[in-house]
Amino acid sequence: MWDTLIVQPFTNVLLMITMLVKNFGVAIILFTILIKLVTYPLTAKQIKSSQAMQELQKNPRYLKMQEKYKDNKEKLAEEQMRLYRELGVSPFSSCLPMLLQFPIIIGLYQSIMRAMASTPLELIKLERMIYPFLDSTKILPIQNRFLWMDLGQPERLMIAGIGIPVLAILVVLSTLVQTKVMQPPSSGGNDQAAAMTNSMNMTMPILMGVMAYQFSAGLALYFVVSNLTTIGQYAAMGKTDWSRIFPWVKSKPKQSKPAIVIPDLPEEEEEEEEPMIVEKISKPSARASAKRQRPKMKK
Amino acid sequence: MSKKYLRSLLIVLLAGLLLAGCAMGPRAESTPGISADENKIIVSYLNYVYKLDPANGKEAWRYPAKANTKQVFYAPALIDGESIYVGDFANDFLKINAIGAPTVDWTFTEAKGWYQGKAAIDGSLIIAPNSDRNIYAIDENNNLVWTHRDQFAYISEPLVVENMVIVSSQDHKVVFLNKADGTTIREVALNGAVIAAPVYDPETDSIFVGSLAGEFVRIDRQSGEIVWRYDGGGTLESVWSEPILVDGQVIFNDKTGKIISLSPETGAENWPFDAGGTMSAGLALVEGKGFVVALEDGVVSLIGLDRQSIWSRQVSGTLFDTPIVTENLILVGAFKGDNLVYAFDFQGQQVWAFKPEK
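What counts and what doesn't
Residues numbered from 1 in each chain as written. Chains lettered and ligands numbered in written order. Predicted model: local features only at pLDDT ≥ 70, side-chain atom pairs only at ≥ 80, totals over all residues. Heavy atoms only, no water. Helix = DSSP H or I, 4+ residues; strand = E, 2+ residues; numbered from the N terminus. Contact = heavy atoms within 4.5 Å. Areas by Shrake-Rupley, 256 points an atom, 1.4 Å probe, with all protein chains shown as cover. Pairing = 2+ DSSP bridges. Axes fitted to C-alpha atoms, helices over the stretch in contact; angles between N-to-C directions. Buried < 20%, exposed > 50% of the residue type's maximum accessible area, 1.4 Å probe, protein only. Polar contact = N/O pair within 3.5 Å; in protein donor to acceptor, adjacent residues only side chain to side chain. Phe/Tyr/Trp six-rings, centres within 6.5 Å; stacked < 30°, edge-to-face > 60°. 1 Å grid on protein atoms, 1.4 Å probe; cavity = no way out; pocket = protein on both sides within 12 Å on 5 of 7 lines; lining within 4 Å. Points joined across faces, edges and corners; volume = space filled by probe spheres on them. Nonpolar A, V, L, I, M, F, W, Y, C, P; charged D, E, K, R; others polar. Arc of directions from axis to C-beta. Parallel < 35°, antiparallel > 145°, perpendicular 65-115°, else oblique. Buried area = accessible area lost by both parts, 1.4 Å probe. Salt bridge = Lys/Arg side-chain N within 4 Å of Asp/Glu carboxyl O. Patch = residues over 30% accessible without salt bridge, like charges linked within 9 Å, V, L, I, M, F, W, Y side chains within 5 Å.

Engineer: Can you help me understand the overall build of chain A in this one?
Structural biologist: Per the secondary structure count, chain A includes 13 helices and four strands. Residue pairs at least 24 apart in sequence account for 70% of intrachain contacts in chain A once pairs closer than 6 positions are excluded. When the accessible surface of chain A is split by element, carbon and sulfur atoms take 63% of a total near 16600 Å².

Engineer: What am I meant to see in the sheet that holds strand E9 (residues 120-122) of chain B here?
Structural biologist: Think of a sheet as strands paired side by side through backbone hydrogen bonds, with each pair either parallel or antiparallel. Residue and element names in this part refer to chain B. As summarised here, the arrangement of the four strands in space is E9-E10-E11-E12, forming an open sheet in which the pairing is antiparallel. The open sheet has two edge strands with one neighbour each: E9 and strand E12 (144-149). Each neighbouring strand pair of the sheet contributes to a mean axis angle of 20°, computed without reference to strand direction.

Engineer: Where do I start with the environment of arginine 218 of chain B in this structure?
Structural biologist: Residue and element names in this part refer to chain B. Secondary-structure assignment places arginine 218 in strand E19 (residues 215-220). Exposure remark for arginine 218: the relative accessible area of 7% places this residue in the buried category. Along the backbone, arginine 218 and tyrosine 200 are 18 residues apart, and their C-alpha atoms lie at a distance of 9.7 Å. Residues contacting arginine 218, with those up to four places away along its chain left out, are Thr204, Ser206, Ile207, Phe208, Glu225, Ile226, Val227, Trp228, Pro264 and Glu265. Side-chain polar atoms of arginine 218 contact the backbone oxygen of glutamate 265, separated by 2.8 Å.

Engineer: I'm lost on the packing of aromatic side chains in this one. Help?
Structural biologist: The geometry of an aromatic ring pair is captured by two quantities: the separation of the ring centres and the angle between the planes. Residues and elements named next belong to chain B. Considering all chains together, one arrives at 22 aromatic pairs over all chains under this definition. Between tyrosine 45 and tyrosine 74 the ring centres are 6.0 Å apart and the planes differ by 65°, which places this aromatic pair in the edge-to-face class. Here tyrosine 74 lies in the loop between strand E4 (59-63) and strand E5 (78-80) and tyrosine 45 lies in strand E2 (residues 41-45), a separation of 29 residues in the sequence. Assessed through its relative accessible area of 15%, tyrosine 45 is described here as buried. Of the residues examined, tyrosine 74 reaches a relative accessible area of 5% and is grouped as buried. A ring pair is formed by tryptophan 271 and phenylalanine 291, whose centres lie 6.5 Å apart and whose planes are at 15°; its orientation type is stacked. Taken together, the positions of tryptophan 271 in strand E24 (residues 269-274) and phenylalanine 291 in strand E26 (residues 290-294) put the pair 20 residues apart, joining distant regions of the chain. The same class applies to tryptophan 271 and to phenylalanine 291, which are both buried. Site record: aromatic cluster; members linked through ring pairs are Phe208, Phe216, Trp228, Tyr230 and Phe252.

Engineer: Could you clarify how one ought to interpret the sheet that holds strand E30 (residues 330-333) of chain B in this entry?
Structural biologist: All names here are of chain B. Read across the open sheet, the four strands follow the order E29-E30-E31-E32; overall the sheet is antiparallel. The sheet is open, and its two borders are formed by strand E29 (324-325) and strand E32 (350-354), each paired with just one other strand. Here E29 runs beside E30; their pairing, made up of two bridges, is antiparallel. Bridged to isoleucine 324 within E30 is leucine 331.

Engineer: Looking at this model, I keep getting lost on empty space enclosed by the protein. Mind explaining?
Structural biologist: Sizing a probe to match a water molecule and rolling it over the atoms shows the empty space that remains. Applying the stated criterion to the full structure yields two cavities of 30 Å³ or more. Of the pockets and cavities examined, the largest cavity occupies roughly 220 Å³. Lining the largest cavity are 23 residues, and of these Ala117, Ile142 and Asn144 of chain A together with Ala153 and Gln170 of chain B lie nearest its centre. In the lining of the largest cavity, the residues fall into twelve nonpolar, nine polar and two charged. Taken together, Ile35, Lys36, Thr39, Gln101, Ile104, Ile105, Leu108 and Tyr222 of chain A make up the lining of the second largest cavity. Among the elements that line the lining of the second largest cavity, the one with the most residues is helix H6 (residues 95-115) of chain A, at four residues. For the lining of the second largest cavity, the residue count by class is five nonpolar, two polar and one charged.

Engineer: What is the right way to read helix H4 (residues 60-68) of chain A from this model?
Structural biologist: Along an α-helix, a turn takes 3.6 residues, which lines up residues three or four apart on a common side. All names here are of chain A. When H4 is considered as a whole, its buried residues turn out to be Arg61, Tyr62 and Met65. Relative to the axis of H4, the buried residues are bounded by an arc of 100° and lie together on one face. On its buried side, H4 packs onto helix H3 (40-58) and helix H5 (73-87).

Engineer: In this structure, what is going on with the pairing of strand E28 (residues 309-314) of chain B? I would like to understand it.
Structural biologist: Residue and element names in this part refer to chain B. Inspection of the sheet shows strand E27 (residues 299-303) paired to E28 by five bridges, in the antiparallel sense. The partner of valine 299 across the bridge, within E28, is glutamine 314. Counting the residues that bridge the hairpin from E27 to E28 gives five residues, and of these arginine 307 lies at a positive phi of roughly 70°.

Engineer: What exactly am I supposed to notice about the packing of H3 of chain A against H4 of chain A here?
Structural biologist: Helix packing geometry: the angle between the two helix axes and the distance between the axes. Residue and element names in this part refer to chain A. Axis separation between H3 and H4 bottoms out at 5 Å; the angle between their running directions is 60°. Here H4 runs oblique to H3, going by the angle between their axes. Residue-level contacts link Leu56, Gln57 and Lys58 of H3 to Pro60, Tyr62 and Leu63 of H4.

Engineer: When you look at the interface of chain A and chain B in this model, what are you seeing that I'm missing?
Structural biologist: You'll often see interface size given as the accessible area lost when the parts meet. Across the boundary between the two partners, chain A contributes 35 residues, which contact 46 residues of chain B. Overall, the association of chain A and chain B removes approximately 3600 Å² of surface from exposure, summing both partners, and the carbon and sulfur fraction of that is 64%. Viewed at the interface, chain B and chain A are joined by four salt bridges. Notably, a salt bridge pairs arginine 133 of chain B with aspartate 150 of chain A, separated by 3.6 Å at the nearest N-O pair. Across the contact surface, chain A and chain B share 13 residue pairs in polar contact (both at pLDDT 80 or more). It is helix H10 (residues 191-214) of chain A that provides the largest number of residues to the side of chain A that touches chain B, a total of eleven residues. Along the lines of polarity and charge, the residues of the side of chain A that touches chain B split into 19 nonpolar, ten polar and six charged.

Engineer: Can you walk me through a nonpolar patch on the surface in this structure?
Structural biologist: Residues and elements named next belong to chain A. A surface patch of nonpolar side chains, about 280 Å² in accessible area, is lined by Leu20, Val21 and Leu30. Within the secondary structure layout, leucine 30 lies in helix H2 (residues 24-38). Residue classification places leucine 30 among the partly exposed positions, given a relative accessible area of 40%.

Engineer: Help me out: how do you make sense of unusual backbone geometry in this one?
Structural biologist: With the exception of glycine, the majority of residues adopt a negative phi angle, and the majority of peptide bonds are in the trans configuration. Geometrically, the link from leucine 140 of chain A to proline 141 of chain A is a cis peptide bond, its omega value of -5° lying close to zero. Here proline 141 of chain A is to be found in the loop between helix H8 (136-139) and strand E1 (145-146). In this chain, tyrosine 63 of chain B is followed by proline 64 of chain B through a cis amide linkage whose omega measures -10°. In this model, arginine 307 of chain B sits at a positive phi of 70°, which is unusual for a non-glycine residue. Its location among the elements puts arginine 307 of chain B in the loop between E27 and E28.

Spatial relationships are all this shows, so hold off on functional conclusions.
Printed below as a string of structure tokens:
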């Protein structure tokens, strides 16, 4: 089922691209970019949802609410849920697009693995996966050579008799940049979360690098292209703070429209513990703004 | 250790597991490589080479004693008396002394790719195909005699006939090399990738081989001319395995399980026979009896040359490789089955099955 619905179509698209460009390395690059473009709406939604949550968590009202109910976890949770509902945001809304992307990412990975068939058994399996309208005679075998690499083998560039794992190094660097780019600005409030994020940010590039070092160059190439495309997508959305990666660069992420607007409540309403009035508006109307600025008449 | 570090560690471990789920396991998947002589059976699978006793299938030894995860063996070993030549996926080619506990006499380390095909031997010259697109010729003292380089990985067992090394190439051809120096004598183009090893017929001084393009050819060894080409009127599917020569017939099969007997001389069809299932493995000749058919679904049969089934057995696992026939046993390697190797006598009785102990 999984193979028929995901891996087989992906593999055939990859093979079709290979037939068109006559180079498996270029086909992996194009295919990865293509899949990233197709899943871009999901990525964008994920980024926006994540940004909305970050904005919410930095909002003074949210922080005040946290402070106010710090000794009443139940009430805090209740208030938080009410706020989420009223604003139309959900702490899980950034997870859903990510979950939807998972099968695609795993399918992409597996299709590249399948197409790089190195052993006779893998060739048999690949041949059976090719749709009848594609001429398997012309497709097989796939030329695994790309630049200095054999895409079916771990990559090393021999310089003066020393094998340098160029792709593994690129994987480490691009993963590092990607994690930095995707890292939300620190709210300064939660040391534990920050420690976990930092720990992940340090470990992930190393883990990916080790994998790229040990496994076929084709996969390492996919890792690099995937990372670069993700960075490109973040940059295109104006979410990239380059100064986090390159401290000498002064740039800050483009100030886009806030994902949610949380109007401040007047003090007395807050005191009375009335339900918080919030509006889910991307751009507050002039009338609403004026009304909010109008002083309240005391009786 | 504080709680926050424990949680960080847990997250990292989970991320590692997720990534491992994508990428771990053997870097490439393949089937057990089996070879045998009258005294021993050698099985290459995953991190070990096993020596089995043909009488009972018991493990005599395994190499290495302790698994090295980088060292993966799938290529069938070449047996030359008490010497065993086998390559691995760590790009090493080893000569192992099989007497007593296994000892490595030497290791050839110049290749940059995996050894997947069985090596060939001619006198003191060992010829080993490698995935780095080279064929390496090594002498018995581990000196490189020559290499021959091409465009695609070599994964088939070479054939040595007189002064020639003949090898199938995935690059849609059969390559004839000079045994002395590895230079190309000629290349014979076919329509598809050639995975099956070529077979030599001294009667006609010809080579027989099939390709993935649904063709089976006879190549004259001296001239390199394709004497005839058989495609079953366009019905023949890809041929993954080598043919057998018996009783003035050349018999082979395609992936659909269609078994064809041809006249080696003319290529005229004697008979077709449907094995009844998908079949990547080739036929194994049992002298005076017939040939063994191993279907992918685990059915092993002995078929007489009159095409009557003599016996049929079911084993666990998928069968991709041609069975090996010794003096009195039929050895069948299974992929992802309950056992790795099944041994049958010629009457179809299972003599033993081998499953490596952990």
